[in-house]
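# Tertiary structure, described
Listed below, chain by chain, are the residues.
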Amino acid sequence: MIDKKLHGDVVELTLDNPPVNALGVEVRRALMAAVVSADADPDIKAIVIRGVGKMFSAGADISEFGKPPVSPWLPDVVARIETCSKPVIVAIHGTALGGGLEVALGAHHRIATPDAKLGLPEVKIGLLPGAGGTQRLPRLTGVEAALNIIVSGDPVSAEKALELGLIDKIVSEDDLLEEALVLARTTPPVRRVSELKACADPDVFAKFAERNAGIIGRLDAPGACIEAVKAATELSLADGQTRETELLAKLVAGTQSTALRHAFFAERAAAKINDLPADTKPRAIRRVGVLGAGTMGGGISMNFLSAGIPVTIVETKQDALDRGVSLMRRNYEASATKGRITSAQVEGAMSLLTPTLDFEALGTCDLVIEAVYENMDLKKQIFARLDGIAKPGAILASNTSYLDIDEIAAVTSRPGEVVGMHFFSPANVMKLLEVVRGAKTDPAVLQTAMTVGRKVGKVPVVSGVCYGFIGNRMLEPRQAQADMLLLEGALPHQIDKVHTDLGMPMGPYQMWDLAGVDIGWHRDPNRTDTIKDALCAQGRWGQKTQKGYYDYDEKRRRTPSAITEETINAYRAKANKTPREISDEEITVRTLYTMVNEAALILEEGIAQRASDIDVVWLYGYGWPRHRGGPMFWADTLGLDAIVSGLERYADAMGPGFKFSELLRQKARANETFV
Ligand code: NAI
């Protein structure tokens, strides 16, 4: 756990707990003992602390989360390092995050490699740094810088850390140990961070909170972080640390941090595929083919190009191909303008792209992803043709949003090689990838789709075959109920507000306006069955025409629309409905609880492997607020009996299309939870 090596009168202590040198109880115990013994050893003049492998330390051991703390506590270990009578030097390479950085803050001197990243990311899981980080960092870097680091949770570079006084020197990785030893041998003064003063005007904190209101939003942790840093300016380190511990305890007990930790673990769990033979290995993907250079094909290609994987993109017409390719270039260039990538990276990515009208060119690809129009006949035609062209062992994937992968696979001679890879729009940005497992999908093919998805930065989740898979299927009952509620007396903005109040980026009608109210309407523009049809007939196609369910100004600012209300009224009259007052509670039950019910059906049918996968789908594909953990976690916090009784209360209004999940009822009766 801690390797000790003597270099004359300097002892080198190396954290050895691969892969990330997490500070679990064994490491804490060993580190504490090593420091105590070095302090007492008259032959030792100084201590150097380092990490083995790729980094110094990524911090706490996440398997200890939520469990009662075991002694020695990290704050005590850090304090013991700080009170050591001999100089302690921490030498950082790779990353020093969370508890890792707090250990470094306990030392008397810090040096780091040029590529090192230092940060306190606890806020991202709804917590605050609890081993003195909120007390020592402001004493070292000043209050403003400490607030930025602790409240954002984002790491800083070595260069920035040097500028802030967080480290004393940048040293190349090859020289790191040598430099640390040189520093140790010159017996520098013992500089204890706890003895420094953190000064700030009292109004700095309120101003910081105001400036960052957008990020802080409804979250508990950032406010607690600010409180803790404020304590560092008012109290001694010991008293400040007591305050830090109190604030942390409150966060730990709260629902938000439980939700955020759940989200963290849910994402890891989603990577695991149930019932896959242990020896399943992913196939190598050296070249990807993409069919269709439209909205999705372009974005999908960018993922692979950015990861250095060559892409062959095929279209039927030159102008569609040119349009698609130039949009990809424009997207890359926009990122370069914002400083997110360099122009060399733009050129590098684009040089890996082979645009062509020649279908046969797909013969060299290890994975082909089809992203043509959502039409079963067309997809079947394409897969049959692809079957004749793709090389043996190549994976044939479809980006379909709704269609039956098994039906598509059946037209090929190799249904085992067919899988769904459902990206979300914009495909170069959205993290979710639903990997759709067909009845005959080969385990290695499934594994490959998951692995390559992660390689290009996505969060892949396995789904079985059904209409809309996990995510879009859950939108169906929500939309059906929302549309009924419009007829019964609600207005789009009232329904949307229930969703945005929960913390979602938009409600169902804002989503239509963004995606295009006219999706699917052009096929039969004479239809007038629904309010949506009537809006389309009036050219109310959404944000792109500056009018949809809402009106928009040139800056895309939204206001409720009188014309939409009139249209809704006309449909109410036609349906013989007298509008009634609709409560937010009814909207919540009929749109959000119905989604939970649909999710329970999805679980019941084995479409999702586990409840937490459904949460991951909603967190990464639809902007479900992370501090609410996802729809399943959220349902658990409300209590499944409350969900069931809510649904029963409105069962009559919800119509015959609503199907109650037996699993949901069972779990509610047994007082169980989903996750
Ligand atoms: P799109 O209409 O923007 O692009 C389709 C492209 O396919 C067009 O450029 C068309 O020229 C090309 N194409 C048609 N037939 C072809 C053929 N035989 N060979 C080569 N190219 C051909 O459509 P979009 O939105 O990109 O959708 C594509 C697929 O992705 C659909 O299955 C859709 O359901 C799915 N999808 C769409 C999402 C979205 O938000 N737009 C999200 C997730 C999935």
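Now for a look at the structure at hand.

Rules used throughout
- Residues numbered from 1 in each chain as written.
- Predicted model: local features only at pLDDT ≥ 70, side-chain atom pairs only at ≥ 80, totals over all residues.
- Heavy atoms only, no water.
- Helix = DSSP H or I, 4+ residues; strand = E, 2+ residues; numbered from the N terminus.
- Rg over C-alpha atoms; globule rule 2.2 N^0.38 Å.
- Buried < 20%, exposed > 50% of the residue type's maximum accessible area, 1.4 Å probe, protein only.
- Contact = heavy atoms within 4.5 Å.
- Areas by Shrake-Rupley, 256 points an atom, 1.4 Å probe, with all protein chains shown as cover.
- Pairing = 2+ DSSP bridges.
- Near = heavy atom within 4 Å.
- Polar contact = N/O pair within 3.5 Å; in protein donor to acceptor, adjacent residues only side chain to side chain.
- Nonpolar A, V, L, I, M, F, W, Y, C, P; charged D, E, K, R; others polar.
- Axes fitted to C-alpha atoms, helices over the stretch in contact; angles between N-to-C directions.
- Parallel < 35°, antiparallel > 145°, perpendicular 65-115°, else oblique.
- Left-handed = near helix turned anticlockwise from the far one by under 90°.
- Right-handed = clockwise from strand over helix to strand, strands pointing away.
- Phe/Tyr/Trp six-rings, centres within 6.5 Å; stacked < 30°, edge-to-face > 60°.

## Some thoughts on the overall build of the chain
- In terms of regular secondary structure, the chain is built from 29 helices and 19 strands.
- Its C-alpha atoms give the chain a radius of gyration of 28 Å, near enough to 26 Å, the size a compact globule of 675 residues would have.
- Taking all 675 residues of the chain together, 54% fall into the buried category.
- Taking contacts inside the chain between residues at least 6 apart in sequence as the whole, the part at least 24 apart equals 72%.
- Total accessible area on the chain stands at roughly 28800 Å², and carbon and sulfur atoms take up 53% of it.

## Quick notes on the environment of serine 612
- Among the structural elements, serine 612 can be located in helix H25 (residues 611–621).
- In this structure, the C-alpha to C-alpha distance between serine 612 and valine 675, residues 63 residues apart in sequence, is 6.2 Å.
- Residues in contact with serine 612, not counting those within four places in the same chain, are His262, Ala266, Ala269 and Val675.

## Description of the sheet that holds strand E8 (residues 156–157)
- The strand order E5-E7-E8 describes an open sheet built from three strands, whose pairing is mixed. At either margin of the open sheet sits one strand with a lone partner, and together these are strand E5 (95–97) and E8.
- As paired strands, E5 and strand E7 (residues 117–119) are joined by three bridges and run parallel to one another. Across the sheet, alanine 96 pairs through a bridge with leucine 118, a residue of E7.

## Focus on the sheet that holds strand E2 (residues 10–15)
- Pairing in this open sheet of six strands is mixed, and the strands run E1-E2-E3-E4-E6-E9 from one edge to the other. Looking at the sheet topology across the chains shown, the edges are occupied by strand E1 (2–7) and strand E9 (169–170).
- Where E2 meets strand E3 (residues 46–51), six bridges bridge the pair, whose relative direction is parallel. Looking across to E3, one finds that threonine 14 is bridged to arginine 50.

## Concerning the site of the ligand
- Near the ligand, the surroundings consist of 21 residues, among which Met296, Glu315, Glu374, Lys379 and Ser401 are the closest.
- A distance of 2.5 Å separates an oxygen atom of the ligand from a polar atom in the side chain of glutamate 315.
- At 3.3 Å from an oxygen atom of the ligand is found a main-chain nitrogen or oxygen belonging to valine 372.
- For the ligand, whose unbound accessible area comes to 830 Å², protein coverage reaches 78%.
- Here the shell around the ligand gets three residues from one element, more than from any other, and that element is helix H16 (residues 376–389).
- Among the residues making up the shell around the ligand, the classes are represented as nine nonpolar, nine polar and three charged.

## Brief notes about the environment of alanine 600
- Mapped onto the elements of the fold, alanine 600 is located in helix H24 (residues 584–604).
- With a relative accessible area of 0%, alanine 600 lands in the buried category.
- Along the backbone, alanine 600 and leucine 535 are 65 residues apart, and their C-alpha atoms lie at a distance of 33 Å.
- The contact partners of alanine 600, leaving out residues within four places of it in the chain, are Met632, Ser661, Leu663, Leu664 and Phe674.

## Points about the packing of helix H19 (residues 471–488) against helix H20 (residues 492–502)
- Interhelical geometry of H19 versus H20 gives an angle of 140° and a closest axis separation of 9 Å. It follows from the interaxial angle that H19 and H20 lie oblique. For the pair H19 and H20, the crossing hand works out as right-handed. Contacts between H19 and H20 involve Arg478, Ala482, Leu485 and Leu486 on the former and, on the latter, Pro492, Ile495 and His499.
- Here the contact of H19 with H20 is built from residues that sort into five nonpolar, one polar and one charged.

## So, the pairing of strand E4 (residues 88–92)
- Most of E4 sits inside the fold, with five of its five residues counted as buried.
- Residue alternation in E4 divides its side chains into two sets, Val88, Val90 and Ile92 and Ile89 and Ala91, and both sets are buried.
- Pairing analysis gives three bridges linking E3 to E4, with the strands arranged parallel. Across the sheet, residue isoleucine 47 finds its bridge partner in E4, namely valine 88.
- Once you follow E3 into helix H2 (residues 74–83) and on to E4, the crossover reads as right-handed.
- As judged from the four bridges shared by E4 and strand E6 (residues 109–112), these two strands associate in the parallel manner. By the bridge assignment for E6, isoleucine 89 is matched with histidine 109.

## As for helix H5 (residues 143–152)
- Taking burial as the measure, the ten residues of H5 include seven buried ones, the bulk of the element.
- Among all positions in H5, only Val143, Ala145, Ala146, Leu147, Ile149, Ile150 and Val151 are buried.
- Where H5 is buried, its residues contact helix H4 (133–141), E8, helix H6 (158–164), helix H8 (203–211) and helix H10 (221–234).
- Once H5 finishes, glycine 153 follows within two positions and takes phi at roughly 80°, a positive value.

## Side note on the packing of aromatic side chains
- Tallied over the full model, the rule gives eleven aromatic pairs.
- Between tryptophan 618 and tryptophan 624, the ring centres sit 6.3 Å apart and the planes meet at 90°, which makes this aromatic pair edge-to-face. Note on accessibility: tryptophan 618 and tryptophan 624 belong to one class, buried.
- The interplanar angle of 65° and the centroid separation of 5.7 Å between the aromatic rings of tryptophan 624 and tryptophan 634 together place this pair among those described as edge-to-face. Remark: tryptophan 634 occurs in helix H26 (residues 631–638) and tryptophan 624 occurs in the loop between H25 and H26; sequence separation between them is ten residues.

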